[in-house]
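# Summary of the model geometry
Residues per chain, in single letters:
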Amino acid sequence: MKRTALLHAELSHAIATLGHGDMIVIGDAGLPIPDGPRRIDLAVTPGLPAVADVLRAVLSEMQVERTLIATEAVERAGGALPAWAAALPVAPETLSHEAFKRLARDARAVVRTGECTPYANVILCAGVTF
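The sections below set out a description of the structure shown in this document.

For the protein chain, the helix and strand inventory stands at four helices and six strands. Along its sequence from the N terminus, the protein chain presents helices and strands in the succession α-β-β-α-β-α-β-α-β-β. Computed over its C-alpha atoms, the radius of gyration of the protein chain comes to 13 Å, within 12% of the 14 Å expected for a compact globule of 130 residues. Along the three orthogonal principal directions, the C-alpha set of the protein chain runs to about 35 × 35 × 25 Å. Every one of the 130 residues in the protein chain was classed for burial, and the buried ones make up 46%. When contacts within the protein chain are restricted to residue pairs at least 6 apart in sequence, long-range pairs at least 24 apart make up 85% of them. Accessible surface computed for the protein chain: about 6,300 Å², of which carbon and sulfur atoms make up 54%. When the 12 basic and 14 acidic side-chain charges of the protein chain are each reduced to a single mean position, those positions are 2 Å apart.

As structure tokens, then:
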């Protein structure tokens, strides 16, 4: 699954161990992280790193076949995809924020960023390269 080395060792390992269909969540600083998934905290200060920056780095390493975001993120962006979602390799499916949080319980890892934009959260489902 993993293509090259990331700077953050925990994130690199999480991506390298993903299997087909496994999920990784990239979230804002306010996303509640459930017990169960591996927690990877990248937050440095409010706003750093941004979800878009972490998303670009993860997508350079991971084959993604499905993406999910909260309906509320689209509603906050006036019905369009939020700017941070521009890098997504496949059009995201939407679900309520509550359903998003329930699904996040089954993720292999949840990555906490310094992003302070509400609903700036995405679930990436691992694909395969063949």
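It is worth spelling out the nonpolar core at this point. Residues Ile-26, Met-62, Trp-84 and Leu-124 are the most contacted members of the largest nonpolar core, which totals 28 residues. Broken down by secondary-structure element, the contributors of at least two residues to this core are α1 (9–16), β1 (23–27), α2 (51–59), β3 (64–70), α3 (71–76), β5 (109–112) and β6 (122–126). With six residues, the single largest contributor to this core is α2. In this structure, Leu-124 is in contact with Asp-22, Met-23, Ile-24, Ile-26, Leu-55, Val-58, Leu-59, Met-62, Val-64, Arg-66, Thr-67 and Leu-88, ignoring residues within four places of it in sequence.

Structurally, Pro-46 can be placed in the loop between β2 (38–41) and α2. Spatially, the C-alpha atoms of Pro-46 and Leu-103 are 26 Å apart, while their sequence positions differ by 57 residues. Excluding anything up to four places from it in sequence, Pro-46 contacts Gly-114 and Cys-116.

For α2, the complete set of buried residues consists of Val-51, Ala-52, Val-54, Leu-55, Val-58 and Leu-59. Down the axis of α2, the smallest arc covering the buried residues is 165°, so these residues share one side. In this structure, the buried side of α2 is in contact with α1, β1, β3, β5 and β6.

Before going further, it helps to spend a moment on the environment of Val-128. Summarising the element assignment, Val-128 is placed in the segment after β6. Under the relative-accessibility criterion, Val-128 is labelled partly exposed at 29%. Separated by 110 residues in sequence, Val-128 and Leu-18 place their C-alpha atoms 10.0 Å apart. Sequence-distant contacts of Val-128, that is, excluding residues within four places in its chain, are made with His-20 and Gln-63.

Looking now at the environment of Arg-108. Mapping Arg-108 onto the fold places it in the loop between α4 (97–104) and β5. Expressed as a C-alpha distance, the spacing of Arg-108 and Asp-22, which sit 86 residues apart in the sequence, is 6.5 Å. When near neighbours in sequence (up to four residues on either side) are disregarded, Arg-108 contacts Thr-17, Leu-18, Gly-19, Asp-22, Met-23, Pro-37 and Arg-38. Here the side chain of Arg-108 touches Asp-22 through a polar contact of 2.6 Å, side chain to side chain.

Cut-off values and rules
Sequence order as written defines residue numbering, which begins from 1 separately in each chain. Confidence filtering applies because this is a predicted model: local features only for residues at pLDDT of at least 70, side-chain atom pairs given and counted only at 80 or more, and all residues used for totals across whole chains, interfaces and linings. As a rule here, side-chain values cover all heavy atoms of the structure and leave hydrogens and water aside. Runs of H or I in DSSP of at least four residues are treated as helices and runs of E of at least two as strands, each being numbered from the N terminus. Put simply, the radius of gyration uses C-alpha atoms, and a globule should come to 2.2 Å times the residue count raised to 0.38. Only protein chains enter the accessibility calculation, which uses a 1.4 Å probe; a residue whose area is less than 20% of its type maximum is buried, one above 50% is exposed, and one in between is partly exposed. When checking whether two residues touch, look at their non-hydrogen atoms; a contact exists if any pair is within 4.5 Å. Throughout, the Shrake-Rupley method with a 1.4 Å probe supplies accessible areas, and for residues the shown protein chains are the sole cover considered. Counted as positive: Lys and Arg. Counted as negative: Asp and Glu. His and the chain ends are not counted at all. Charge coordinates come from a single atom per side chain, which is NZ of Lys, CZ of Arg, CG of Asp or CD of Glu. Think of a nonpolar core as a cluster: buried Ala, Val, Leu, Ile, Met, Phe, Trp, Tyr and Cys residues, connected wherever their side-chain atoms sit within 4.5 Å. It is the directions from the helix axis to the C-beta atoms that the arc portrays. Under this definition, polar contacts are N or O atom pairs within 3.5 Å; protein pairs additionally need one hydrogen-donor-capable and one acceptor-capable atom, and for neighbouring residues in sequence, both atoms have to be side-chain atoms.

Geometry only, nothing functional implied.
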